[in-house]
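# A structural walkthrough
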Amino acid sequence: MIDVQNRAYFQQYGCKFTAVIPTNVFGPHDNFNMEDGHVLPGLIHKAYLAKKEGSSLTVWGSGKPRRQFIYSLDLARLFLWVLREYQEVEPIILSVGEEDEVSIRDAAESIVEAMALKGELVYDGTKSDGQFKKTASNKKLREYLPQFKFTPFKQAVKETCDWFVTNYDTARK
């Protein structure tokens, strides 16, 4: 509905408001709650506890679904660009490309590597996988910013894990 409101403000008053649509954000200062946080921060918290307890890390589902994860620091840079440069009323999707989709399995393995977790990685097939893909096109973003460099996924995961470990006592969880 915000798109409709933005177009109405533009048509009636000439105001250029827009909406941004990010996909699967993660990074430092995220909500690392294992029950109602997003998938990556929740898995990071579970991996931290598994490492501390010397236990396995259990991932819900098969690990096969794919997601477009965007690092919060990349998203912050894109938000600044939108605020300063983007002049359209039509919304813009802020996301890595479809070619950068990551399976939940690959994401979990990246977390295990970043946390130096030695325990077993277990996939609980009794839990639902959810939707297999939730692909969003970043074509419009790439038309505006063809040279934008997203932080490599494994690097972003490592930085997020390091932040979480360092700030465990005060992190949202």
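Figured I'd write up the structure that's included with this text. Within any chain, residue numbers begin from 1 and follow the written order of that chain's sequence. Thresholds applied to this predicted model are a pLDDT of at least 70 for local features of residues and 80 or more for the giving and counting of side-chain atom pairs; totals over whole chains, interfaces and linings are not thresholded and use all residues. Water and hydrogen atoms were dropped before computing side-chain values, which therefore reflect all heavy atoms in the structure.

### Here we look at the pattern of salt bridges
Note the following rule: Salt bridge criterion: a side-chain nitrogen from Lys or Arg within 4 Å of a carboxyl oxygen from Asp or Glu. Note on conventions: DSSP H or I runs of at least 4 residues are helices, E runs of at least 2 residues are strands, and numbering of each starts at the N terminus. Each residue is placed in one exposure class: buried if its accessible area under a 1.4 Å probe, protein chains only, is under 20% of its type's maximum, exposed if it is over 50%, and partly exposed if it falls in between.
With the rule as written, the count across this model stands at 8 salt bridges. The salt bridge partner of K154 is E113, with a shortest N-O separation of 3.4 Å. Here E113 lies in helix 4 (residues 104-115) and K154 lies in helix 6 (residues 153-166), a separation of 41 residues in the sequence. Here K154 matches E113 in class, with each residue exposed. The structure contains a network of salt bridges with shared partners spanning R66, E98, E101 and K133.

### Some points on the nonpolar core
We count it as follows: The nonpolar core is taken to be a set of buried Ala, Val, Leu, Ile, Met, Phe, Trp, Tyr and Cys residues, with the residues joined through side-chain atoms within 4.5 Å. Should any heavy atoms of two residues lie within 4.5 Å, those residues are counted as being in contact.
Within the largest apolar cluster, 31 residues are counted, with the highest numbers of intra-cluster contacts made by F26, F69, I111, F153 and F164. Elements represented by at least two residues in this core include exactly helix 2 (39-53), strand 3 (57-60), helix 4 and helix 6. Those residues in contact with F26 that sit more than four places away from it in its chain are L40, P41, F69, I70, Y71, S72, F153, A156, V157 and T160. Counting residues in hydrophobic clusters, the runner-up holds 13 residues, among them L75, Y86, L94 and F148.

### Let's talk about the layout of surface pockets
Stated precisely, the cut-off is as follows: Points on a 1 Å grid over protein atoms alone make up a cavity when a 1.4 Å probe fits among them but cannot get out, and a pocket when they form an open set with protein on both sides within 12 Å along at least five of seven lines; lining residues each have an atom within 4 Å of a point. Grid points are joined across faces, edges and corners, and a volume is the space filled by probe spheres set on the points. Throughout, the ten residues Ala, Val, Leu, Ile, Met, Phe, Trp, Tyr, Cys and Pro are labelled nonpolar, Asp, Glu, Lys and Arg are labelled charged, and all others, Gly among them, are labelled polar.
Within this model, the largest pocket holds a volume of roughly 600 Å³. Lining the largest pocket are 26 residues; nearest its centre among them are G37, H38, V39, L43 and W60. Residue assignment for the lining of the largest pocket shows that the elements contributing at least two residues are strand 2 (25-26), helix 2 and strand 3. For the lining of the largest pocket, the element with the highest residue contribution is helix 2, accounting for 6 residues. For the lining of the largest pocket, the per-class residue count stands at 12 nonpolar, 8 polar and 6 charged. Estimates place the volume of the second largest pocket at around 170 Å³. Around the second largest pocket sit 13 residues that line it, and V96, D100, T151, P152 and F153 are the ones nearest its centre. Listed by contribution, the elements that provide at least two residues to the lining of the second largest pocket are strand 5 (70-71) and helix 6. Looking at the lining of the second largest pocket residue by residue, the class counts come to 10 nonpolar, 1 polar and 2 charged.

Don't take any of this as a statement about function, it's just geometry.
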